[in-house]
Number of protein chains: 2
Amino acid sequence: MDGEGDSEKRKRMSCGIYISCPPQIKSALETCFQCGYHFVVTQLTHPNYARELLENPPPAIGRTDRILKGSEWSRLVVGELNKTIDVDSEVEHIREQSKALLLQELGLASHLSIPAVLLTLENPVNTQLARIIYDKILSGYDYGIWVTVPMVHPSRFCPLADEKHESWQWWDDFRTYCHYDNRIGVVLEMPDINHMPTTAEVDRWIGEPVKALVVPASLFLLNQYNKPVLPKAHQELIKRFMTIDVQYIIKSDTEMDITHYQGYLNFLGKKLYTNDTTSEFVQGCEDYLQNPLQPLTEHLEANIYEVFEKDQVKYDTYQNAIYKALETWPKDSKVDPVVMVVGAGRGPLVQAVLNVSYTLHRKVKVYAVEKNPYAVNTLMDRNRNEWNSKVTLVYCDMRTYEPPEKADILVSELLGSFGDNELSPECLDGAQRFLKKTGISIPYIYTSFIAPIQSLKIFTEIKRNRTLDKTLQSIYETPYVVHLANYYQIAPPQELFSFTHPNWSKRINNQRYKKLSFSCSQTCVLTGFAGFFDTFLYEDVNLSIHPETHSPDMVSWFPIVFPLQNPVHVKEGTKIEISFWRAESPDKVWYEWCLESPVKQSIKNPHGRSYFIKKH
Amino acid sequence: MDGEGDSEKRKRMSCGIYISCPPQIKSALETCFQCGYHFVVTQLTHPNYARELLENPPPAIGRTDRILKGSEWSRLVVGELNKTIDVDSEVEHIREQSKALLLQELGLASHLSIPAVLLTLENPVNTQLARIIYDKILSGYDYGIWVTVPMVHPSRFCPLADEKHESWQWWDDFRTYCHYDNRIGVVLEMPDINHMPTTAEVDRWIGEPVKALVVPASLFLLNQYNKPVLPKAHQELIKRFMTIDVQYIIKSDTEMDITHYQGYLNFLGKKLYTNDTTSEFVQGCEDYLQNPLQPLTEHLEANIYEVFEKDQVKYDTYQNAIYKALETWPKDSKVDPVVMVVGAGRGPLVQAVLNVSYTLHRKVKVYAVEKNPYAVNTLMDRNRNEWNSKVTLVYCDMRTYEPPEKADILVSELLGSFGDNELSPECLDGAQRFLKKTGISIPYIYTSFIAPIQSLKIFTEIKRNRTLDKTLQSIYETPYVVHLANYYQIAPPQELFSFTHPNWSKRINNQRYKKLSFSCSQTCVLTGFAGFFDTFLYEDVNLSIHPETHSPDMVSWFPIVFPLQNPVHVKEGTKIEISFWRAESPDKVWYEWCLESPVKQSIKNPHGRSYFIKKH
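Residues numbered from 1 in each chain as written. Chains lettered and ligands numbered in written order. Predicted model: local features only at pLDDT ≥ 70, side-chain atom pairs only at ≥ 80, totals over all residues. Heavy atoms only, no water.

**Some remarks on the pattern of salt bridges**
Residues and elements named next belong to chain A.
Link 1 in the chain: Summed over all chains, the structure comprises 52 salt bridges over all chains.
Link 2 in the chain: With its nearest N and O atoms 3.6 Å apart, the salt bridge here joins Glu166 to Arg156. Taken together, the positions of Glu166 in the loop between strand E5 (144–150) and helix H5 (167–177) and Arg156 in the loop between E5 and H5 put the pair 10 residues apart, joining distant regions of the chain.
Link 3 in the chain: Taking the relative accessible area as the measure of exposure, Glu166 reaches 38% and is therefore partly exposed. (Salt bridge = Lys/Arg side-chain N within 4 Å of Asp/Glu carboxyl O. Helix = DSSP H or I, 4+ residues; strand = E, 2+ residues; numbered from the N terminus. Buried < 20%, exposed > 50% of the residue type's maximum accessible area, 1.4 Å probe, protein only.)

**Digging into the UniProt feature "domain: PRMT5 oligomerisation" (unreviewed entry) in chain A**
Link 1 in the chain: The sites that UniProt annotates as "domain: PRMT5 oligomerisation" (unreviewed entry) are residues 446–613 of chain A.
Link 2 in the chain: For residues 446–613 of chain A, the helix share is 8%, the strand share is 48%, and the end-to-end C-alpha distance is 18 Å. (UniProt positions renumbered as here; feature names shortened; annotations may be inferred.)

**Focus on the sheet that holds strand E26 (residues 613–614) of chain A**
All names here are of chain A.
Link 1 in the chain: The strand order E20-E24-E25-E26 describes an open sheet built from four strands, whose pairing is antiparallel. For this open sheet the edge positions go to strand E20 (512–519) and E26, each flanked by a neighbour on one side alone.
Link 2 in the chain: As paired elements, strand E25 (residues 588–597) and E26 share two bridges and run antiparallel to each other. Across the sheet, residue Val589 finds its bridge partner in E26, namely Ile613. (Pairing = 2+ DSSP bridges.)

**Examining the relation of the copies chain A and chain B**
Link 1 in the chain: By a simple turn and slide, chain A fits onto chain B: the slide is 0.0 Å along the axis, the RMSD is 0.0 Å, and the turn is 180°. Between the two chains, the operation in question is that of a two-fold axis. Among all C-alpha atoms of chain A, that of Leu468(A) lies closest to the rotation axis, at 2.9 Å. (Least-squares fit on C-alpha atoms with pLDDT ≥ 70 in both.)

**Quick word on the sheet that holds strand E1 (residues 15–18) of chain B**
Residue and element names in this part refer to chain B.
Link 1 in the chain: The eight strands are arranged E1-E2-E3-E4-E5-E6-E7-E10 in a closed barrel whose pairing can be described as parallel. Averaged over all pairs of adjacent strands, the angle between their axes in this sheet comes to 25°, without regard to strand direction.
Link 2 in the chain: Bridge count for strand E4 (residues 116–120) against strand E5 (residues 144–150) is five bridges, and the pairing is parallel. Across the sheet, Leu119 pairs through a bridge with Val147, a residue of E5. (Axes fitted to C-alpha atoms, helices over the stretch in contact; angles between N-to-C directions.)

**Things to note about the UniProt feature "binding site: S-adenosyl-L-methionine" (unreviewed entry) in chain A**
Link 1 in the chain: The feature "binding site: S-adenosyl-L-methionine" (unreviewed entry), as given by UniProt, occupies Tyr305(A), Lys314(A), Tyr315(A), Glu370(A), Asp397(A) and Met398(A) in the numbering adopted here. Judged by maximum C-alpha separation, these annotated positions cover 94 residues in sequence and are scattered in space, the widest gap reaching 24.0 Å.
Link 2 in the chain: With respect to the helices, strands and loops of the structure, Tyr305(A) is situated in helix H10 (residues 302–309).
Link 3 in the chain: Classification of Tyr305(A) by relative accessible area gives buried; the value is 8%.
Link 4 in the chain: Setting aside anything within four residues of it in sequence, one finds Tyr305(A) in contact with Leu300(A), Gly345(A), Arg346(A), Glu370(A), Asn372(A), Ala375(A) and His111(B).
Link 5 in the chain: Within the element layout of this structure, Met398(A) appears in the loop between strand E13 (392–395) and strand E14 (407–412).
Link 6 in the chain: Sequence-distant contacts of Met398(A), defined by excluding residues within four places in its chain, comprise Val342(A), Gly343(A), Val369(A), Leu414(A), Cys427(A), Gly430(A), Ala431(A), Arg433(A) and Phe434(A). (Contact = heavy atoms within 4.5 Å.)

**Details of the nonpolar core**
Side chains of a nonpolar character, in soluble globular proteins, are inclined to be buried together.
Link 1 in the chain: With 180 residues, the main nonpolar core has Ile238(A), Phe241(A), Tyr248(A), Ile442(A) and Phe580(A) as its most contacted residues.
Link 2 in the chain: With residues up to four places along the chain from it excluded, the contact list for Phe580(A) reads Phe418(A), Ile450(A), Leu496(A), Phe497(A), Arg512(A), Tyr513(A), Lys514(A), Phe562(A), Tyr591(A), Glu592(A) and Trp593(A).
Link 3 in the chain: Counting residues in hydrophobic clusters, the runner-up holds 179 residues, among them Ala344(B), Phe418(B), Leu496(B) and Phe497(B). (Core = buried A, V, L, I, M, F, W, Y, C linked by side-chain atoms within 4.5 Å.)

**So, the packing of aromatic side chains**
Link 1 in the chain: Taken as a whole and judged by the stated rule, the model has 42 aromatic pairs over all chains.
Link 2 in the chain: For the ring pair Tyr141(B) and Tyr143(B), a centre distance of 5.8 Å and an interplane angle of 55° mean the geometry is tilted. Take Tyr141(B) and Tyr143(B): they sit in the same class, and that class is buried.
Link 3 in the chain: Site record: aromatic cluster; members linked through ring pairs are Phe418(A), Phe497(A), Phe562(A), Phe580(A), Tyr591(A) and Trp593(A).
Link 4 in the chain: Over the face of the ring belonging to Trp590(A) we find Lys588(A), whose NZ or CZ atom lies 5.2 Å from the ring centre.
Link 5 in the chain: Here the basic side chain of Arg512(B) rests over the ring of Phe499(B), its NZ or CZ set 4.0 Å away from the ring centre. (Phe/Tyr/Trp six-rings, centres within 6.5 Å; stacked < 30°, edge-to-face > 60°. Lys NZ or Arg CZ within 6 Å of the ring centre and 35° of its normal.)

**What to know about the pairing of strand E2 (residues 39–43) of chain B**
All names here are of chain B.
Link 1 in the chain: Counting buried positions over the five residues of E2 gives five, a clear majority of the element.
Link 2 in the chain: Both E1 and E2 contribute to a ladder of three bridges, which runs parallel. Residue pairing across strands places Tyr18 opposite Val41, the latter belonging to E2.
Link 3 in the chain: Crossover handedness for the path E1 to helix H1 (residues 25–34) to E2: right-handed.
Link 4 in the chain: Pairing analysis gives four bridges linking E2 to strand E3 (residues 77–80), with the strands arranged parallel. Its bridge partner lying in E3, Thr42 is registered against Gly79. (Right-handed = clockwise from strand over helix to strand, strands pointing away.)

**What about the interface of chain A and chain B?**
Link 1 in the chain: Listed per partner, the contact involves 45 residues of chain A and 45 residues of chain B.
Link 2 in the chain: Among the residues chain A hides against chain B, the three largest losses belong to Arg66(A), His111(A) and Tyr374(A). Together they make up 22% of the total.
Link 3 in the chain: The closest approach of N and O atoms between Arg346(A) and Asp65(B), which form a salt bridge, is 3.1 Å.
Link 4 in the chain: The tally of links between chain A and chain B comes to 19 residue pairs in polar contact (both at pLDDT 80 or more).
Link 5 in the chain: Every element with two or more residues in the side of chain A that touches chain B is listed here: helix H2 (70–76), helix H3 (92–112), H10 and helix H13 (373–385) of chain A.
Link 6 in the chain: It is H13(A) that contributes the most residues to the side of chain A that touches chain B, nine residues altogether.
Link 7 in the chain: Among the residues making up the side of chain A that touches chain B, the classes are represented as 19 nonpolar, 14 polar and 12 charged. (Buried area = accessible area lost by both parts, 1.4 Å probe. Polar contact = N/O pair within 3.5 Å; in protein donor to acceptor, adjacent residues only side chain to side chain. Nonpolar A, V, L, I, M, F, W, Y, C, P; charged D, E, K, R; others polar.)

**Topic: the domain arrangement of chain A**
As a measure of interface size, the accessible area lost when the parts come together is often cited.
Link 1 in the chain: By domain assignment, chain A separates into domain 1 (15–273), domain 2 (302–413) and domain 3 (445–614).
Link 2 in the chain: Inter-centroid distance (C-alpha atoms) of domain 1 of chain A to domain 2 of chain A is 58 Å. (Domains from an automatic or database assignment.)

**A few points about the environment of Tyr225(A)**
Link 1 in the chain: Inspection of the secondary structure assignment puts Tyr225(A) in the loop between strand E8 (221–222) and strand E9 (228–229).
Link 2 in the chain: Put simply, Tyr225(A) and Asn542(A) are 317 residues apart on the chain and 50 Å apart in space, counted from C-alpha to C-alpha.

**Here's the deal with helix H3 (residues 92–112) of chain B**
Structural remark: α-helix, 3.6 residues per turn; residues separated by three or four positions point the same way.
Link 1 in the chain: Here H3(B) spans 30 Å end to end across 21 residues, near enough to the 30 Å set by a 1.5 Å rise per residue.
Link 2 in the chain: Ser113(B), located one to two residues past H3(B), shows a positive phi value of around 55°. (Expected span 1.5 Å × (residues − 1).)

**Re the side chain of Ser14(B)**
Residues and elements named next belong to chain B.
Link 1 in the chain: Structurally, the position occupied by Ser14 is in the segment before E1.
Link 2 in the chain: Only 2.5 Å separates the side chain of Ser14 from the side chain of Gln247, close enough to count as a polar contact.
Link 3 in the chain: When residues no more than four places from it in sequence are discounted, the contact partners of Ser14 are His38, Phe39, Gln247 and Tyr248.

Shown next, in the form of structure tokens:
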């Protein structure tokens with residue numbers, strides 16, 4: 001169903017429908033699929049079967065499994081647990097009866113191999129329920145658990161309620177019992193127009209593994225053509241959730257033709273889809289973990305160069321910076337400026353320099369220094385065929401190159417997602433040997449930033465991706481480059497480390513330490529820190545992936561994430577404090593980080609034991 | 001390209017073409033794809049570039065990477081290494097020059113991210129070549145290595161040759177150096193009509209990871225329409241290789257229109273495809289590892305029952321056996337025979353008994369005993385709606401059931417791929433408490449068989465599938481159920497253990513031991529033992545998965561494989577001896593096995609430490 005070959009730009013809206021106790025499940029299913037739905041949510045057993053389970057086996061369970069094909073059960077049906085189940089009841093016989101019924105229904109779900117079981121939390125305390133579910137998914141039951149809660153608990157709006165419940169807290173307790181297992185997701189019931197969540201609450205839900213939104217048919221209004229539509233506020237809510245991979249469950253009590261709801265959601269999928277360059281580039285990369293590059297010790301591959309070279313925004317900005325730098329060169333000077341592109345790759349910055357030279361009618365002496373022989377091969381070809389052999393190609397590491405003359409301008413693109421994490425400082429400190437004392441570096445400064453985040457998705461992905469040669473400790477002491485989608489940024493990013501070039505200090509020190517303090521405005525779960533950077537190339541010409549100053553449409557860098565091995569619950573109003581180091585030894589550079597508050601933990605990645613960047 | 005939506009039954013023939021030094025690779029590629037080819041094999045660098053590599057870097061390497069898109073290099077081009085490379089030369093400067101060139105070409109292959117590198121073995125000794133390749137694939141180079149050898153070495157047919165070379169041996173040495181790494185495959189050059197391999201040799205190649213067959217255009221004859229066709233002998237050869245997943249590489253020196261070769265291979269894909277029931281059922285399962293079921297302690301799921309129930313051959317044979325057994329019942333007897341189906345599942349054998357009862361006009365008292373409550377639920381439904389409540393349903397383990405009367409016939413289907421491996425002996429020994437002393441068991445005997453096999457595919461699949469909770473030792477001390485395709489059976493299967501029912505011995509002993517000896521008629525690599533079984537249900541009515549007596553079109557059981565952790569080289573004419581045990585303790589049953597010859601090894605799976613079948 002995913003390969004619809006639809007070239008039209010839109011978000012696919014996977015849409016299910018809730019059917020309560022259909023007399024004939026087979027024909028109910030067929031009707032739903034004819035109406036365009038992708039799956040149904042329904043009870044596995046008729047509620048009437050939920051009776052004396054503790055006596056006289058064998059109990060009749062309900063429908064026979066043969067009314068649907070195995071492939072239908074396993075692809076199309078989400079099973080709702082019997083709503084009378086209350087294993088956390090204070091009344092013993094209700095607890096026992098509930099447990100027997102729960103075990104039977106979970107067993108039946110496994111027997112039918114359905115993809116997911118849906119249950120609804122009705123009370124704050126769900127300890128027994130969580131234990132039984134966790135026990136079963138660890139024993140090999142192989143379906144998802146969809147835990148349903150209201151997006152906002154109605155008690156908040158009820159002046160008479162003794163206690164104001166937080167449904168996020170119910171969910172958080174439940175999944176914490178189950179150690180954030182990635183088979184357990186949350187399903188959110190959309191509220192009516194008078195009971196909407198705050199923006200911050202929605203943001204926090206976006207940081208959760210939301211499997212589906214329940215859309216009650218009662219939320220729909222009729223438009224001028226008598227067709228059901230959602231109010232603006234609900235459309236905005238759906239638009240927020242479209243950034244993560246949620247499904248929709250229509251819950252209708254009326255006899256209204258159900259086709260329209262599904263059709264309307266499909267329409268929203270088109271209407272609300274933001275089709276900018278960025279989203280086109282990065283679609284499908286959401287929350288995918290990449291290991292940071294080590295371009296100093298591992299040659300980049302052709303297809304990586306190819307992807308980088310496609311970022312027009314980045315190279316236009318570089319060209320603009322080079323333009324501004326060369327523009328200041330005296331027009332009547334007989335000496336041509338010497339521009340050296342260090343780490344030239346396959347030549348995009350060389351091209352930018354030549355473009356500026358052409359535009360300014362200013363001859364420029366261009367060097368391209370590159371240590372990857374396969375990239376040099378491409379540079380040789382371009383120099384011959386495109387650049388009229390005007391460029392001096394140098395196959396050498398910039399840290400050891402001994403040029404015949406010094407440069408006026410050093411141009412480089414050595415920055416990683418965290419600024420300095422691909423060892424731009426070390427490389428440029430080496431390369432400035434052949435920069436004139438009056439020369440400039442493009443870029444001349446870059447700064448890293450971090451922000452605390454909640455992302456259970458990334459927490460579980462790290463575990464899921466573990467290979468046989470890695471320990472649990474080492475995978476959580478490693479940063480990952482991630483296009484963040486399913487996450488909640490707990491507080492705004494703060495500045496961490498800065499580096500400037502050229503650096504004419506007598507003793508250059510690229511080690512750093514800083515302690516930052518963030519305030520948490522809403523109870524949540526801290527799972528790690530997202531890292532960003534910005535850089536100034538020349539004067540005010542800058543590039544940034546800082547969320548608040550992100551260069552529009554630039555796609556070259558995703559954020560970097562420094563994870564924590566155990567999520568930490570953080571209460572509203574408390575501080576998140578972190579110590580962060582950049583450390584080095586003769587052969588490597590690494591980061592260490594340490595949560596100081598709300599709980600003090602051990603230092604992560606000491607001596608770069610799990611992650612480091614090699615210098616050689 | 002795989003999803004061609006072609007409902008016609010045929011084998012997809014992935015077909016590449018070898019192009020030597022195309023002047024323009026881009027247009028050569030386009031021509032090939034227009035002619036229907038799926039990939040090309042060509043040199044990564046022009047042979048003329050293979051010159052003084054050891055001096056004056058940077059060397060020109062060849063074409064620039066930008067003549068193709070990254071996605072074209074990575075999907076469509078297999079790179080042939082320069083044929084002058086001879087890192088095993090006895091001449092030092094050739095060795096050094098070759099090594100520099102090899103490292104450059106392997107680096108370039110990685111730079112371009114091509115899917116595979118093709119190299120040809122020209123000499124028996126390839127130690128240095130293997131070491132460099134193994135070093136590189138372990139260092140992270142991420143392509144396949146296609147090692148090309150002739151299917152039969154031409155020296156065999158040359159009366160003047162000093163030495164008769166075995167190309168299989170060259171390949172075997174090479175991949176043994178590289179510890180059978182699954183990234184290394186073999187490519188076989190098809191011989192001409194006068195130099196065909198023996199059947200045994202082809203069988204052995206089928207047990208290798210063959211990536212492709214090279215089909216020289218010179219093998220083709222012209223038919224009456226002046227179109228190229230392959231001789232019958234070559235068609236037969238291709239048909240053998242169609243059982244495994246090989247690709248084809250056309251190698252043409254002539255100016256003949258290359259379209260026809262590809263078209264002809266596609267035609268062969270249709271013509272030679274054997275479309276029987278079995279292949280339809282099992283397609284896509286080839287060499288896929290399944291864990292043996294544990295139906296005694298883990299309830300089977302609905303979709304497993306559903307698959308089993310589709311095997312018409314099996315249930316027809318059962319029905320035939322039940323018919324023959326009931327036929328002997330005196331026609332005028334006033335007492336109806338009591339038939340108990342133990343382990344009734346969702347009722348296919350119950351249905352078979354009722355069918356016989358109907359056909360023979362003989363009333364039968366039917367019991368169905370089943371311990372899986374979800375299957376019992378289905379039986380209740382069928383009894384009510386299909387069987388007119390004639391069947392006595394019993395929700396109970398057959399080993400503890402206390403029936404109101406004794407049975408004349410006990411019908412069961414408790415056999416696994418190895419006969420007794422799902423504990424049929426233990427279950428029926430328990431159930432015979434309620435069988436009359438004159439009563440019969442269907443089945444009444446079953447026997448396991450084993451045969452030594454070579455299958456590098458399964459050897460590497462076991463390693464590839466290892467999960468984080470398993471040790472290397474434990475995964476090779478576990479048997480797997482596998483639809484064997486990419487394997488070579490080294491010698492015919494021999495009988496291992498037999499069990500008969502009912503068993504009225506005073507002390508029933510289901511432990512077993514046997515030592516078997518197989519002779520190896522052709523040098524090969526032993527990677528494990530394949531297990532089979534046959535059973536007699538009643539008199540001569542039997543079911544078998546023994547390769548020589550396999551019940552036609554029966555699909556319920558695949559063979560079982562007992563692996564070895566390290567492949568063992570076995571010379572032609574030597575003996576393969578193995579000791580095999582069936583052992584038990586109060587709560588479990590397990591097998592142990594031990595290679596005795598050609599090398600004596602330790603006992604595998606002692607005390608069932610890695611694999612066992614639980615009794616409770």
